[in-house]
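# Secondary and tertiary structure notes
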Amino acid sequence: MNHRPITEDDLHAYVDQALAPERRREVAAYLDDHPEVARRVGAFSGQRDLLRAALAPIADEPLPAALNLARIIENRRRRPARLNWAMAAMLLLFVGAAGGWIMRGSLQASPNGLAALAQEATASYTVYAPDHERPVEMRASDTAQLVQWVSSRLHQEVKVPNLSPSGYRLMGGRLVATAHGPAAMFMYDNDHGSRIVVLTRPMNGRDENAPMTPHTKGDVAGFAWADGGMGYSLVGQAPADALRPLANEVRKQARAI
Amino acid sequence: MDDMLHQVEPLIPALRRYARALMRDRASADDLVQDCLERAVSRWHQRRDGDVRAWLFTILHNLAVNQFRKSASRGRHVPIDETNEDSFGEAASQEQKLMYQDVLAKLARLPEDQREVLLLVAVEDLSYAEAANVLGIPVGTVMSRLSRARARLQQEIEGTAAPTNVVSLRRVT
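Note that the structure is a prediction, hence the values are computed from the model and not measured.

### With respect to the overall build of chain A
Counting its regular elements, chain A contains eight helices and seven strands. Counting the 257 residues in chain A, one finds 29% classified as buried. Counting only contacts in chain A whose residues sit at least 6 apart along the sequence, the fraction spanning at least 24 positions is 55%.

Here it is in structure tokens:
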């Protein structure tokens with residue numbers, strides 16, 4: 001017999017009844033031979049039963065009126081204008097912000113090239129990284145579609161940097177509006193929940209090749225650079241020393257296309 | 001909208017159960033579920049194809065995270081002694097009730113991230129992949145948190161007041 005070794009994950013899946021029948025038999029046989037492990041697994045099953053029993057009565061309670069779904073739907077129907085107002089307010093805000101941005105250009109020289117990219121990346125980080133609801137438009141599970149989307153909008157083949165060897169997993173990404181056209185934003189997080197953002201867009205003739213340059217604003221630090229017409233900036237709320245190797249890695253991968 | 005009613009309504013009791021186990025007191029848990037339902041109604045058309053249950057738990061989780069963050073500075077959960085006697089249901093006998101209260105109090109002492117995983121997997125019957133999706137973490141992280149949650153809860157149950165930083169159970173994969 002050539003069994004795969006039993007893992008801790010198997011033991012939990014055994015407790016949670018999530019194993020395929022064949023594997024379940026293998027684990028059961030293993031437990032027969034290992035009473036100490038069997039005791040632990042038995043304790044975990046006991047916990048599971050106890051928790052379920054302790055929490056079961058809550059699901060049996062009559063629902064309070066506030067949780068009457070039909071009523072929630074009805075209330076919403078009666079004030080459909082709310083959404084429209086919200087959209088109108090957002091549009092106004094956007095017009096205001098865009099107007100302000102355009103005005104800004106006439107009042108003071110807005111940055112160009114790498115400095116602009118750094119600013120855009122910092123702004124994207126500031127807006128999206130603290131977002132718990134929807135930090136990214138498309139999740140990592142839809143990476144293929146995300147890549148297709150941003151590549152078509154940037155008219156450029158965009159590759160998502162892989163930072164998982166450095167402990168940062170891709171959360172997903174989105175298209176971001178900048179004064180210099182669309183940019184692709186990718187967001188990552190690590191086990192501590194720290195997020196970083198990589199923003200990339202074509203440089204459109206400015207700073208088409210630029211060495212890696214650090215930038216900071218408040219406690220948000222980052223590195224920006226450009227290679228062959230594409231600009232990149234990696235931004236996070238971390239010391240520059242911690243971000244530099246990540247930026248180097250992104251640059252290395254982008255060059256390897 | 002009828003479609004939504006049929007798909008969402010049967011899941012409300014489970015959402016309440018999860019919210020109550022996270023928040024501990026009935027009022028804030030039900031507020032959370034109400035917020036969740038309102039969001040679900042307003043975003044029904046934006047929902048991707050897939051499991052409605054996991055989608056609802058994702059909304060609930062995100063709301064709970066916001067809540068935790070907001071209340072982190074104010075001290076978090078209602079301690080067990082302050083909760084209403086019958087907060088955890090009335091069907092059980094007195095002895096059972098004490099046992100249930102005891103395990104829920106121990107559950108409440110787990111770190112939030114471990115508690116969430118344990119509840120979603122062991123009580124709400126989400127698959128490991130679904131739980132990973134709901135929490136926005138990789139499946140490997142779900143497994144390690146589950147493992148830590150169970151080991152720690154067991155320590156509590158067995159009364160070995162082991163230091164919290166000792167993890168007796170490791171993933172061997």
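### Quick notes on the sheet that holds strand β1 (residues 138-139) of chain A
Residue and element names in this part refer to chain A. The seven strands lie next to each other as β1-β2-β3-β4-β7-β6-β5, forming an open sheet whose pairing is antiparallel. Looking at the sheet topology across the chains shown, the edges are occupied by β1 and β5 (210-217). Bridging between strand β6 (residues 220-227) and strand β7 (residues 230-236) involves seven bridges; their strand directions are antiparallel. Bridge assignment links G222 to a residue of β7, and that residue is V235. Helix α6 (residues 113-128) rests against β2 (169-178), β3 (181-189), β4 (195-202), β5, β6 and β7 of the sheet, and its axis sits at about 135 degrees to β6. On the sheet, helix α8 (residues 240-255) packs against β4, β5, β6 and β7 and is oriented at approximately 25 degrees with respect to β6.

### Regarding the pairing of β2(A)
All names here are of chain A. Bridge count for β1 against β2 is two bridges, and the pairing is antiparallel. Paired with R139 across the strands is G172, a residue of β2. Note: β2 against β3, nine bridges, orientation antiparallel. Bridge assignment links T178 to a residue of β3, and that residue is G181. Between the antiparallel neighbours β2 and β3 lie two residues.

### Considering helix α1 (residues 8-15) of chain A
Of all eight residues that make up α1(A), seven are buried, and the element is covered over most of its length. Listed as buried for α1(A) are D9(A), D10(A), L11(A), H12(A), A13(A), Y14(A) and V15(A). Against the buried residues of α1(A) lie α2 (21-33) and α3 (35-60) of chain A together with α8 (139-158) of chain B. Directly beyond the C-terminal end of α1(A), a positive phi value near 55 degrees is found at Q17(A).

### Structural notes on the nonpolar core
Grouped together as the largest cluster of nonpolar side chains are 53 residues, with contacts concentrated most on C36(B), L60(B) and A131(B). Those residues in contact with C36(B) that lie beyond four places of it in its chain are L15(B), L56(B), I59(B), L60(B) and L63(B). Listed in part, the 40 residues of the second largest apolar core include Y128(A), V198(A), L234(A) and L246(A).

### Regarding the interface of chain B and chain A
Facing 50 residues of chain B, the contacting portion of chain A comprises 35 residues. Every element with two or more residues in the side of chain B that touches chain A is listed here: α1 (2-8), α2 (12-23), α3 (26-43), α4 (52-71), α5 (94-108), α6 (112-123) and α8 of chain B. For the side of chain B that touches chain A, the leading source of residues is α8(B), giving eight residues. Looking at the side of chain B that touches chain A residue by residue, the classes come out as 29 nonpolar, 11 polar and 10 charged.

### Section: the environment of W225(A)
All names here are of chain A. Position of W225 relative to the elements: it lies in strand β6. A C-alpha to C-alpha distance of 8.3 Å links W225 and R251, two positions 26 residues apart in sequence. Ignoring anything within four residues of it in the chain, the contact list for W225 reads A210, P211, M212, T213, Y232 and R251.

### Description of the packing of α1(A) against α2(A)
All names here are of chain A. The N-to-C vectors of α1 and α2 enclose an angle of 105 degrees; their axes lie 10 Å apart at closest approach. It follows that α1 is roughly perpendicular to α2 by the angle criterion. Residues D10, L11 and Y14 of α1 form the contact with α2, whose own contacting residues are R23, R24 and V27. Of the residues contributing to the contact of α1 with α2, the split by class is three nonpolar, no polar and three charged.

### A closer look at the pairing of β5(A)
Residue and element names in this part refer to chain A. Here six bridges tie β5 to β6, and the two strands are oriented antiparallel to one another. Paired with T216 across the bridge in β6 is A221. Between the antiparallel neighbours β5 and β6 lie two residues, among them G218 with a positive phi of about 60 degrees.

About the thresholds
- Residues numbered from 1 in each chain as written.
- Chains lettered and ligands numbered in written order.
- Predicted model: local features only at pLDDT ≥ 70, side-chain atom pairs only at ≥ 80, totals over all residues.
- Helix = DSSP H or I, 4+ residues; strand = E, 2+ residues; numbered from the N terminus.
- Buried ≥ 20, exposed ≤ 12 C-beta atoms within 10 Å, placed from the backbone.
- Contact = placed C-beta atoms within 7 Å.
- Pairing = 2+ DSSP bridges.
- Axes fitted to C-alpha atoms, helices over the stretch in contact; angles between N-to-C directions.
- Core = buried A, V, L, I, M, F, W, Y, C linked by C-beta atoms within 7 Å.
- Nonpolar A, V, L, I, M, F, W, Y, C, P; charged D, E, K, R; others polar.
- Parallel < 35°, antiparallel > 145°, perpendicular 65-115°, else oblique.

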